[in-house]
Amino acid sequence: MRGGEGGPQSPAENSAWKRRHTPVLQQCDLNFSKRRILVSETEALTLIPHTAHAPPSSNYTKRFHSSSRTHHTHQKHHRKKSSRTDCYRNWAYSTRDLSSYKDKVVFVSYNILGVENASKHPDLYYNVPSKFLEWDHRKKLLCKEISGYNASILCFQEVDRFDDLNNLLQKDGFRGVYQVRTGEACDGCAIFWKNELFTLLDQENIEFQMFDLRNNVAQFCVLKMKQNQSNSSLDTRTSQALPSRSLLVGNIHVLYNPKRGDIKLGQIRLFLEKAQELLQKWGNIPVVLAGDLNSMPRSAMYRFLASSELDLKMYDRREMSGQICPLEYPSRTWNNYESR
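Being a predicted model, the structure only gives us computed values, none of them experimental. Chains are numbered independently. Their residues run from 1 in the order of the written sequence. Reporting of local features is limited, given that this is a predicted model, to residues whose pLDDT is at least 70; pairs of side-chain atoms are given and counted only at 80 or more, and all residues count toward the totals for whole chains, interfaces and linings. The side-chain figures draw on all heavy atoms in the structure; neither hydrogens nor water molecules are used.

Asks: Could you give me a rundown of the environment of Ala185, with the residues and numbers involved?
Replies: In this fold, Ala185 is placed in the loop between strand S6 (174–180) and strand S7 (188–194). As a C-alpha pair, Ala185 and Glu116 span 69 residues in sequence and 9.0 Å in three-dimensional space. Think of it this way: any DSSP run of H or I at least four residues long counts as a helix, any run of E at least two long counts as a strand, and we number them from the N terminus.

Asks: So what's going on with the packing of aromatic side chains? Residues and values would help.
Replies: Between the rings of Phe, Tyr and Trp (Trp by its six-membered ring), a pair exists once the centres lie within 6.5 Å; its type follows the angle of the planes, with under 30 degrees stacked, over 60 edge-to-face, and the other angles tilted. In total, this model carries 4 aromatic pairs according to the counting rule given. Seen from their ring centres, Phe156 and Phe192 are 5.9 Å apart, and the 55° between their planes marks the pair as tilted. With Phe156 in strand S5 (residues 153–159) and Phe192 in strand S7, the pair connects residues that are 36 residues apart, well separated along the chain. Each ring, one from Phe162 and one from Tyr178, has its centre 5.0 Å from the other, and the planes form 10°; the classification is stacked. Separated by 16 residues along the polypeptide, Phe162 in helix H7 (residues 162–170) and Tyr178 in strand S6 bring together distant segments of the chain. With relative accessibility at 13%, the residue Phe162 sits in the buried group. Through successive ring pairs, a cluster of aromatic residues spans Phe156, Phe162, Tyr178 and Phe192. Categorising residues by exposure relies on relative accessible area from a 1.4 Å probe, with only protein chains included: less than 20% of the type maximum marks a residue as buried, more than 50% marks it as exposed, and the intermediate range marks it as partly exposed.

Asks: Which residues make up the pattern of salt bridges, and what are the values?
Replies: The working definition used for a salt bridge is a side-chain nitrogen of Lys or Arg within 4 Å of a carboxyl oxygen of Asp or Glu. Scanning the entire structure with this criterion turns up 12 salt bridges. Of the charged contacts, one joins Lys139 and Asp136 as a salt bridge, the two residues approaching to 3.5 Å between their closest N and O atoms. Taken together, the positions of Lys139 and Asp136, both in helix H6 (residues 135–147) and 3 residues apart, correspond to about one turn of that helix. The shortest N-O distance in the salt bridge between Asp316 and Arg318 comes to 2.6 Å.

Asks: Could you give me a rundown of the pairing of strand S9 (residues 217–225), with the residues and numbers involved?
Replies: Counted residue by residue, S9 has 8 buried out of 9 residues, so it is predominantly covered. With 9 bridges joining them, strand S8 (residues 198–207) and S9 adopt antiparallel strand pairing. Counted as the bridge partner of Gln203 is Cys221 from S9. Across 7 bridges, S9 lies against strand S10 (residues 246–253) in antiparallel orientation. Each residue of the ladder has a partner; that of Ala218, found in S10, is Ile252. Paired strands, as defined in this entry, are two strands with at least two bridges between them according to DSSP.

Asks: Requested: an account of helix H10 (residues 300–307), with residues and values cited.
Replies: Of the residues making up H10, those classed as buried are Ala300, Met301 and Phe304. Down the axis of H10, the buried set is contained in an arc of 105°. They therefore lie on one face. By definition in these notes, contact holds between two residues if any of their heavy atoms fall within 4.5 Å. On its buried face, H10 sits against helix H9 (261–281). Once H10 finishes, Ser308 follows within two positions and takes phi at roughly 65°, a positive value. Here the arc refers to the set of directions running from the helix axis out to each C-beta atom.

Asks: Let's hear about the sheet that holds S8: which residues, and what values?
Replies: In spatial order, the strands read S8-S9-S10-S11; together these 4 strands make up an open sheet with mixed pairing. Single-partner strands in this sheet number two, and they are S8 and strand S11 (287–292). The mean angle between the axes of side-by-side strands here comes to 15°, regardless of whether they run parallel or antiparallel. Alignment of S10 against S11, held across 6 bridges, turns out to be parallel. Paired with Leu248 across the bridge in S11 is Val287. Axis definition: a line fit to C-alpha positions, over the contact stretch in the case of helices; interaxial angles, taken between N-to-C directions, run 0 to 180 degrees. Sheet contacts for H9: S8, S9, S10 and S11; angle to S8, the most-contacted strand, approximately 145°.

Asks: I'd like to hear about the packing of H6 against H7, residue by residue, with values.
Replies: Following both chains from N to C, one finds H6 and H7 inclined at 40°, their axes separated by 11 Å at the closest point. With respect to each other, H6 and H7 are oriented oblique. In terms of crossing hand, the pair formed by H6 and H7 is right-handed. Across the interface between the two elements, Trp135, Lys139, Leu142 and Cys143 of H6 pack against Asp164, Leu165 and Leu168 of H7. Residues are grouped as follows: nonpolar covers Ala, Val, Leu, Ile, Met, Phe, Trp, Tyr, Cys and Pro; charged covers Asp, Glu, Lys and Arg; every other residue, Gly included, is treated as polar. A breakdown of the residues in the contact of H6 with H7 according to their chemical character gives 5 nonpolar, no polar and 2 charged. Geometric relationships in this document are graded by angle, where less than 35 degrees denotes roughly parallel, more than 145 denotes roughly antiparallel, 65 to 115 denotes roughly perpendicular, and other angles denote oblique. In this scheme the crossing of two helices becomes right-handed for a clockwise turn of the near helix relative to the far one and left-handed for an anticlockwise turn of less than a right angle.

Asks: How would you explain the state of the cysteines if you had to name every residue and give the values?
Replies: By disulfide we mean two sulfur atoms from cysteines, separated by a distance within 2.5 Å. Applying the stated rule across the entire model yields 0 disulfides. Of all cysteine sulfurs in the structure, the one in Cys221 sits closest to Cys155, which takes part in no disulfide; the separation is 8.1 Å.

Asks: Residues and numbers for the nonpolar core, please.
Replies: For the purposes of this section, nonpolar cores are sets of buried Ala, Val, Leu, Ile, Met, Phe, Trp, Tyr and Cys residues that join through side-chain atoms within 4.5 Å. If you look at the biggest cluster of nonpolar residues, it comprises 24 residues, and the most contacted ones within it are Phe208, Ala218, Phe220, Leu248 and Ile252. Ranked by the residues each element gives to this core, the list is headed by H9, at 8 residues. Excluding anything up to four places from it in sequence, Ile252 contacts Gln157, Cys189, Phe208, Val217, Ala218, Gln267, Phe271, Ala290, Gly291, Asp292 and Leu293. Within the second largest apolar cluster, 19 residues are counted, among which are Phe162, Leu165, Leu169 and Ala190.

Structure below.
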C-alpha cells in the first residue's frame, strides 16, 4: 500500500507469503483483481475477499480489547487458519454465458515494491530474510509470477528499476511506458502490453503536483488490438456486436498517508475525470483502471469509486480511506500508523 509497503504486515500474512515465495508482489488495494480477464462488453472477473479478511463479528470487538494472552491465542489460531487456505482468494464468475467470447485479455496489476523503499523501510519487513528483498532475487520471482498468467497487459506501481524490468519483459514480447513520480521519490508507475496483441494509440500522464496534490502520478494508455488478433477469433454475430477493439488502461499510485483522505480523494477524482475525457475522445471505448489506491474496501473512498458521489460532511478526512480501523480489519497491523 504505502511507498515501501509491499510485504506482509502480520504473522499470518507473513506465513502465507513465505509459502508462496512472492515477497515483492503486493496486491493493490480495494481488492482490485490481481488478475482480471476482460472480454467484449467489458465483462470482467472480480475477486471476493478471503474469509480471513472479512469484517469480524461483534464478538471480535470484545476479543480485541481482551488480554494480550487472548490476543496471541487469536493470532495463533489465525496462522493455523491461513496455513490451511494459503490466503488464496476465491474467483467470482459472471452469471452470464461467456462461452461465445473467444477474444480475452488477461490484465495484471501489482505494487512490486520499489528497491529504494525496501531499503529505507526495513522496519516494515523485519520478518523477511534480507535475500528476499534483494532486487536481483525479486525481479526473477516477478517475471516467473507474471509468466504464469499469460498476461496481455501489466500495470505496476513503485517501479524504480524500469529499464531493468523493460529489458526482462521485452524478452517475453512486452512493450512498456513509464511515468516517474515528482519530487524526491525515484519510483513511479509503468504499463506494459504484449506487442503482438496491441498497438499504442495514445499516452497521457497526470502529475498531481501541478494541482497541489503531492508528488504522486497516474498514467493512461489507449491500446488498439491488432487486426490479426481481434475479430478473426470471433463468429460473425459476435464481431458485429463489438463497437471497438480499443481499450483505455489507467494506472495510479495514490498517496499513502492514512490521515489525508482529502488528498487521496482529489487524486482519484482527477484520475477518473481524465479517464472520462479520454474514453469520450476515443469513442466511449472500454476502460480498465488499476493501481495501488491505498484505501480499503467499504471505505468512503471505495464508495466514491463505486458511485461517483460522496458527502464530505459525513466523513473525517483521517477515516476516508479506511486504513485506520483496527476493529474492522484485524488482519493488518495498524498500531504504528499514527506515527507515520
